Amino acid sequence: MIPPTIRQKSTTARQGLSLLELVVVITLLGIFSAAAATRFGRDILGDVGVRGGARMLSLAILEAQRGAIRTGDRHAIEMNGSISNVTSFSVIRINNDGSRQVVDGPHEFPSDYRVSTNSKAAEFNFEGNGVASFVADFVGPHRKWRITVQPLTQMIDCREVL
């Protein structure tokens with residue numbers, strides 16, 4: 001029998017990573033991600049704002065459309081600035097007496113891309129149908145997105161234009 005003062009080596013398997021191994025893995029991941037950002041950064045990461053702006057406006061259009069259906073009052077997206085250089089937008093409710101009430105906004109567009117539209121507003125009737133055709137173009141340094149609202153339908157199309 002082995003005396004109790006002598007310790008036996010544990011034969012269990014090692015679990016986990018040592019601190020040195022963890023530091024090496026994190027360093028390699030950092031190097032690889034820096035190389036990927038350098039390679040793809042201009043094309044992919046540079047135009048995230050354009051896509052985000054197009055999505056923000058398309059969600060606001062959807063909000064106006066659903067608000068028109070929910071309340072029975074006309075709703076619209078009003079653009080601020082000129083048609084060729086929109087600076088912000090607001091979701092509005094058009095009451096039966098013709099008065100306009102801001103529901104959401106104004107939301108500013110960043111200056112790193114340009115937004116242009118074919119009209120100052122995209123309006124929806126009580127059924128959620130677009131009253132007139134509406135097109136918004138988002139032009140960034142490398143990519144372009146377009147939002148289209150078809151009249152007399154409930155179709156809102158947001159896609160990248162090649």
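Before reading on, note that the structure itself is shown above.
Please read these numbers as outputs of a predicted model, since none were measured by experiment.

Draft legend 1. Broad picture of the sheet that holds strand 7 (residues 144-149). The sheet built from four strands is open, its strands ordered 4-6-7-8 with antiparallel pairing. One side of each edge strand has no neighbouring strand; the edge strands of this open sheet are strand 4 (114-117) and strand 8 (156-161). Strand-to-strand, the axes of this sheet are offset by a mean angle of 15°, without reference to chain direction. Across six bridges, the pairing between strand 6 (residues 134-139) and strand 7 is antiparallel.

Draft legend 2. Molecular detail of the environment of Asp97. Structurally, the position occupied by Asp97 is in the loop between strand 2 (85-94) and strand 3 (100-108). On the basis of relative accessible area, Asp97 is assigned to the exposed category, the value being 65%. A distance of 2.8 Å separates a polar atom in the side chain of Asp97 from a polar atom in the side chain of Ser99.

Draft legend 3. A look at the pairing of strand 6. Pairing of strand 4 with strand 6 involves four bridges; the strand directions are antiparallel. Bridge pairing in strand 6 links Ser116 to Asp137.

Draft legend 4. Representation of the pattern of salt bridges. On inspection of all chains with the given rule, the structure shows six salt bridges. As a salt-bridge pair, Arg74 and Glu123 come within 2.8 Å of each other at their nearest N and O atoms. Taken together, the residues span a long stretch of sequence, with Arg74 in strand 1 (residues 74-82) and Glu123 in strand 5 (residues 121-124) at a distance of 49 residues. A salt bridge links Arg159 to Asp157; the shortest N-O distance between them is 2.9 Å.

Calculation criteria
- Residues numbered from 1 in each chain as written.
- Predicted model: local features only at pLDDT ≥ 70, side-chain atom pairs only at ≥ 80, totals over all residues.
- Heavy atoms only, no water.
- Pairing = 2+ DSSP bridges.
- Helix = DSSP H or I, 4+ residues; strand = E, 2+ residues; numbered from the N terminus.
- Axes fitted to C-alpha atoms, helices over the stretch in contact; angles between N-to-C directions.
- Buried < 20%, exposed > 50% of the residue type's maximum accessible area, 1.4 Å probe, protein only.
- Polar contact = N/O pair within 3.5 Å; in protein donor to acceptor, adjacent residues only side chain to side chain.
- Salt bridge = Lys/Arg side-chain N within 4 Å of Asp/Glu carboxyl O.

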